[in-house]
Amino acid sequence: MQYIFTVKEGIREYVRLGRQYPFPPPPVKRCHNPRCNKMVQFRKHGFYEKYHNSWEYKGKIVIRRYICPLCGCTISYIPHFCLPGFINAVKHIFEYLYNSFFRKGSINSVVKQLNKKYDLQFSRQILYYYRKKFIKNINAIQNGIRQVIQGVRLPDKTLGDEEKARSVLAVIREFPDIHVFSQKYHQTTTKTFLASI
């Protein structure tokens, strides 16, 4: 199980401090293992590394792990600029997705323009992959958004999935910060907006 936490100092300071970063203290929470399911004080359980790709930093970052003292089930705390299960920064994934639906031109031209703007190496294939997952998950994403943004107006059910995706991206764009949206979405649904369903 992964939890997202806010890194107020930014990615550069997070990377600089590495294992010395002041991670959240071990949580007291219900173990997510159904065979345990007890309220426990988790314990620190080392680190692992995850690759991260953004214009600010490209390379490995450390992720703090905690363990249930009763059953040995582990949880990880992921910094807010990451999307669990993906190496690319959440803000870049969203920006590429958004532009692929709203910018004029081919996917190739969108990728080239954004790669130049952000000094990244996104490929056309990875953007197609993100688009396909977003469109495939559109109904689940809408359900999650209803829980995150009270009273939100979402697209009509009669629209096709691509039109729904365009409308949903416009709704997400209105959120003050994609990192905050991603974190709230993950806390509410325990999934990311690109998670396999």
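Values in this document were obtained by computation on a predicted structure and should not be read as measured data.

Asker: Give me the lowdown on the overall build of the chain, citing residues and values where you can.
Answerer: Scanning the chain from terminus to terminus reveals seven helices and six strands. Counting helices and strands in the order they occur from the N terminus, the chain gives β-α-β-β-β-β-β-α-α-α-α-α-α. At 18 Å, the chain has a C-alpha radius of gyration in line with the 16 Å of a compact globule built from 197 residues. Expressed along its principal axes, the backbone C-alpha trace of the chain runs to roughly 55 × 40 × 25 Å. Expressed as a percentage of the 197 residues in the chain, the buried residues total 48%. Carbon and sulfur atoms make up 49% of the accessible area of the chain, which totals about 10,700 Å². Looking at the chain, you have 34 positive and 12 negative side-chain charges, and the mean spots of the two groups are 8 Å apart.

Asker: Run through the pairing of strand S5 (residues 58-67), naming residues and quoting values.
Answerer: Most of S5 is tucked away: seven of the 10 residues are buried. Bridging between strand S4 (residues 43-53) and S5 involves nine bridges; their strand directions are antiparallel. In the strand pairing of S5, Tyr51 is matched with Lys60. Linkage of S4 to S5, two consecutive antiparallel strands, is achieved through a turn of four residues. Looking at chain direction, S5 and strand S6 (residues 74-79) are connected through four bridges and run antiparallel. In the sheet register, Arg65 faces S6, and the bridge partner there is Ser76. Connecting S5 to the antiparallel partner S6 that follows it, the hairpin turn spans six residues, and Gly72 within it adopts a positive phi of roughly 85°.

Asker: Please give an account of the pattern of salt bridges that cites residues and values.
Answerer: Scanning all chains against the criterion turns up six salt bridges. Among the salt bridges present, the one from Lys91 reaches Glu56, with a minimum N-O distance of 3.2 Å. Of this pair, Lys91 sits in helix H2 (residues 90-102) while Glu56 sits in the loop between S4 and S5; the two residues are 35 residues apart in sequence, bridging distant segments of the chain.

Asker: Summarise unusual backbone geometry; cite the residues concerned and give the values.
Answerer: For Asn37, which is not glycine, the phi torsion reads 50° and is therefore positive. A relative accessible area of 40% places Asn37 in the partly exposed class. Positioned with a positive phi, Thr190 is a non-glycine residue whose angle comes to about 60°. Of the residues examined, Thr190 reaches a relative accessible area of 47% and is grouped as partly exposed.

Asker: Please provide a residue-by-residue account of the packing of helix H3 (residues 107-118) against helix H4 (residues 124-136), values included.
Answerer: Running from N to C, H3 and H4 point in directions that differ by 110°, and their axes come no closer than 9 Å. Here H4 runs roughly perpendicular to H3, going by the angle between their axes. Contacts between H3 and H4 involve Ile107, Asn108, Val110 and Val111 from the first element and Arg124, Leu127, Tyr128 and Arg131 from the second. A per-class count over the contact of H3 with H4 returns five nonpolar, one polar and two charged.

Asker: Lay out the packing of H2 against helix H7 (residues 178-189) with the relevant residues and their values.
Answerer: At a minimum axis distance of 9 Å, the contact between H2 and H7 shows a crossing angle of 105°. With respect to their mutual orientation, H2 and H7 come out roughly perpendicular. Contacts from Val90, Lys91 and Phe94 in H2 reach Ile178, His179 and Ser182 in H7. Looking at the contact of H2 with H7 residue by residue, the classes come out as three nonpolar, two polar and one charged.

Asker: Please provide a residue-by-residue account of the environment of Ile11, values included.
Answerer: Tracing the backbone shows Ile11 in helix H1 (residues 11-17). C-alpha separation for the pair Ile11 and Phe81, spaced 70 residues apart in sequence, amounts to 7.6 Å. Aside from chain neighbours lying at most four places away, what touches Ile11 is His52, Ser54, Glu56, Tyr57 and Phe81.

What counts, and where the lines are drawn
- Residues numbered from 1 in each chain as written.
- Predicted model: local features only at pLDDT ≥ 70, side-chain atom pairs only at ≥ 80, totals over all residues.
- Heavy atoms only, no water.
- Helix = DSSP H or I, 4+ residues; strand = E, 2+ residues; numbered from the N terminus.
- Rg over C-alpha atoms; globule rule 2.2 N^0.38 Å.
- Buried < 20%, exposed > 50% of the residue type's maximum accessible area, 1.4 Å probe, protein only.
- Areas by Shrake-Rupley, 256 points an atom, 1.4 Å probe, with all protein chains shown as cover.
- Lys, Arg positive; Asp, Glu negative; His and termini not counted.
- Charge placed at Lys NZ, Arg CZ, Asp CG, Glu CD.
- Pairing = 2+ DSSP bridges.
- Salt bridge = Lys/Arg side-chain N within 4 Å of Asp/Glu carboxyl O.
- Axes fitted to C-alpha atoms, helices over the stretch in contact; angles between N-to-C directions.
- Parallel < 35°, antiparallel > 145°, perpendicular 65-115°, else oblique.
- Contact = heavy atoms within 4.5 Å.
- Nonpolar A, V, L, I, M, F, W, Y, C, P; charged D, E, K, R; others polar.

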